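Each chain is listed here by its residues.
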There are 2 protein chains.
Amino acid sequence: MTIKEVSERYNISQNTLRYYERVGMIPRVHRTSGGIRDYQEEDLGWVELALCMRSAGLPIEAMSEYVKMVQQGDSTIPARLELLLRQREKLLAQKSQIEETLERLNVKIANYTKCGTLSACTDPAQ
Amino acid sequence: MTIKEVSERYNISQNTLRYYERVGMIPRVHRTSGGIRDYQEEDLGWVELALCMRSAGLPIEAMSEYVKMVQQGDSTIPARLELLLRQREKLLAQKSQIEETLERLNVKIANYTKCGTLSACTDPAQ
DNA sequence: TCTTGACTTATAGTTGACTACAGGGCTTAC
DNA sequence: GTAAGCCCTGTAGTCAACTATAAGTCAAGA
């Protein structure tokens, strides 16, 4: 699969695909004899994982670290697990922060739709 | 309340507090006759709201726009409501993305704790 | 009054995550 | 075999959100 096809499939720019590979967020992609990227199933799996992590807001650095450890073999398994647990904690915290903000937004939205008085709407707490 | 006290209360740098004010993410804070910031209750309310929105990942620009509209008066109420609804949509999308990523992380974590075989752990899909 | 330390604005630098060239190589259709 | 269109690497630019610094002002204690 060419880089163009992958970029269209996942709706991500070719530049970004090359960038992810360069910074180690995905392992080096298979190439043709001419040096052109030819994504295999496994490469696509890494791309998908990378996009999933990024779209949740996890940093590139964490994924790069993980990829590096996978390539270093079994001895890094405990460290990999630790990394995954840390990222899960981050996501859980982020999720509850979003929920808090959503509640606050809901209060404000309710105030705007129910009343419409100036006083209720210039108070940041409302 | 001085900028130092506010920065300690919300665990945010003084520089960031000044920055938020400069870019209009919070309205101009009350000053002493000497020109020094003296945060009032309302100022604190804005700071709190700003921090809440930022920690959920909403962009500074959206808050600045909102603050600007609040200062322009009642005529902007419909536009403000629209902005709030847009931000809520964003947060809901972000939340479900996080949930998806959490599930994926959970699968990987389960694989690492249950088996520990190399094959299960070099496959990005696992 | 004078010094010390916190405050002011304005400007410049940093970081993370892209994004956009420049200059050149491969491939395929004619 | 050559022109057109992808693809390559490497480097430089951009953008959001800070973060740090410089040069100067204000305020409280000795």
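None of these values were measured; they are calculated from a predicted model.

## A word on unusual backbone geometry
For residues other than glycine, phi is negative in most cases, and the peptide bonds are mostly trans.
Now for step 1: In this model, Asn11 of chain A sits at a positive phi of 55°, which is unusual for a non-glycine residue.
Now for step 2: Counting through the fold element by element, Asn11 of chain A comes out in the loop between α1 (3-9) and α2 (14-22).

## Regarding the protein's contact with DNA strand C
Now for step 1: Surveying the vicinity of DNA strand C reveals 18 residues, the closest of which are Tyr20 and Arg54 of chain A together with Arg18, Arg31 and Arg37 of chain B.
Now for step 2: Among atoms of DNA strand C positioned within 4 Å of the protein, sugar and phosphate together represent 76%.
Now for step 3: Note that a phosphate oxygen of DNA strand C is positioned 3.0 Å from one of the side-chain N or O atoms of Arg18 of chain B.
Now for step 4: Here Arg37 of chain B contributes a backbone N or O atom positioned 2.7 Å from a phosphate oxygen of DNA strand C.
Now for step 5: Those elements giving two or more residues to the surface near DNA strand C turn out to be α2 of chain A together with α1 (3-10) and α2 (14-22) of chain B.
Now for step 6: It is α2 of chain A that provides the largest number of residues to the surface near DNA strand C, a total of four residues.

## With respect to the pattern of salt bridges
Now for step 1: Applying the stated criterion across every chain yields a total of eight salt bridges over all chains.
Now for step 2: Here Glu21 of chain A and Arg37 of chain A are joined by a salt bridge, their closest N and O atoms 2.7 Å apart. Here Glu21 of chain A is found in helix α2, whereas its partner Arg37 of chain A is found in the loop between α2 and α3 (41-55), with 16 residues between them in sequence.
Now for step 3: Judged by relative accessible area, which is 10%, Glu21 of chain A ranks as buried.
Now for step 4: Overall, the relative accessible area of 19% leaves Arg37 of chain A in the buried class.
Now for step 5: Across the salt bridge formed by Arg86 of chain B and Glu82 of chain B, the nearest N and O atoms sit 3.7 Å from each other. You can see Arg86 of chain B and its partner Glu82 of chain B sitting in helix α5 (residues 77-114), four residues apart, about one turn around the helix.
Now for step 6: Judged by its relative accessible area of 42%, Arg86 of chain B falls in the partly exposed class.
Now for step 7: In the salt-bridge network here, residues are joined through shared partners; they are Glu21, Arg31 and Arg37 of chain A.

## Comments concerning the packing of helix α4 (residues 60-72) of chain A against helix α5 (residues 77-114) of chain A
Residue and element names in this part refer to chain A.
Now for step 1: Closest axis-to-axis distance for the α4/α5 pair is 10 Å, and the angle between their directions is 160°. Relative to α5, the element α4 is oriented roughly antiparallel. Where α4 crosses over α5, the handedness of that crossing is left-handed. Contact residues: α4 offers Ala62, Glu65, Tyr66, Met69 and Val70, while α5 offers Ala79, Arg80, Leu83, Leu84, Arg86 and Gln87.
Now for step 2: Class assignment of the residues belonging to the contact of α4 with α5 gives a composition of seven nonpolar, one polar and three charged.

## Let's talk about the confidence of the model for chain A
Now for step 1: Residue-level pLDDT values for chain A average 93, and 92% of them are 70 or greater.
Now for step 2: When pLDDT is averaged over each helix and strand of chain A, the minimum, 53, is found for helix α6 (residues 118-122) of chain A and the maximum, 98, for α2 of chain A.

## Points about the packing of aromatic side chains
Now for step 1: Evaluated as defined, the whole model comprises six aromatic pairs over all chains.
Now for step 2: Ring centres of Tyr112 of chain A and Tyr66 of chain B lie 6.5 Å apart, and the angle between their planes is 80°; on these two criteria the pair is classed as edge-to-face. Taken together, the positions of Tyr112 of chain A in helix α5 and Tyr66 of chain B in helix α4 (residues 60-72) put the pair across two chains.
Now for step 3: Classification of Tyr112 of chain A by relative accessible area gives buried; the value is 5%.
Now for step 4: Look at Trp46 of chain B and Tyr66 of chain B: their rings are 6.4 Å apart centre to centre, the planes differ by 55°, and that puts the pair in the tilted class. Taken together, the residues Trp46 of chain B in helix α3 (residues 41-55) and Tyr66 of chain B in helix α4 connect sequence positions 20 residues apart.
Now for step 5: For Tyr66 of chain B, a relative accessible area of 2% puts it in the buried group.
Now for step 6: Taken together, the aromatic side chains of Trp46 and Tyr66 of chain A together with Tyr112 of chain B make up a single cluster linked through ring pairs.

## Re the packing of α5 of chain A against α3 of chain B
Two packed helices can be described by the angle between their axes and the distance between those axes.
Now for step 1: Here α5 of chain A crosses α3 of chain B at 130°, and the two axes come no closer than 8 Å. Comparing their axes, α3 of chain B and α5 of chain A come out oblique. The two elements α5 of chain A and α3 of chain B cross, and the hand of that crossing is left-handed. Here α5 of chain A contributes Gln94, Gln97, Thr101, Arg104, Leu105 and Lys108 of chain A to the contact with α3 of chain B, which in turn contributes Gly45, Glu48, Leu49, Cys52, Met53 and Ser55 of chain B.
Now for step 2: Split into classes, the residues belonging to the contact of α5 of chain A with α3 of chain B amount to four nonpolar, five polar and three charged.

Cut-offs applied
Residues numbered from 1 in each chain as written. Chains lettered and ligands numbered in written order. Predicted model: local features only at pLDDT ≥ 70, side-chain atom pairs only at ≥ 80, totals over all residues. Heavy atoms only, no water. Helix = DSSP H or I, 4+ residues; strand = E, 2+ residues; numbered from the N terminus. Near = heavy atom within 4 Å. Polar contact = N/O pair within 3.5 Å; in protein donor to acceptor, adjacent residues only side chain to side chain. Salt bridge = Lys/Arg side-chain N within 4 Å of Asp/Glu carboxyl O. Buried < 20%, exposed > 50% of the residue type's maximum accessible area, 1.4 Å probe, protein only. Axes fitted to C-alpha atoms, helices over the stretch in contact; angles between N-to-C directions. Parallel < 35°, antiparallel > 145°, perpendicular 65-115°, else oblique. Left-handed = near helix turned anticlockwise from the far one by under 90°. Contact = heavy atoms within 4.5 Å. Nonpolar A, V, L, I, M, F, W, Y, C, P; charged D, E, K, R; others polar. pLDDT = per-residue confidence, 0-100. Phe/Tyr/Trp six-rings, centres within 6.5 Å; stacked < 30°, edge-to-face > 60°.

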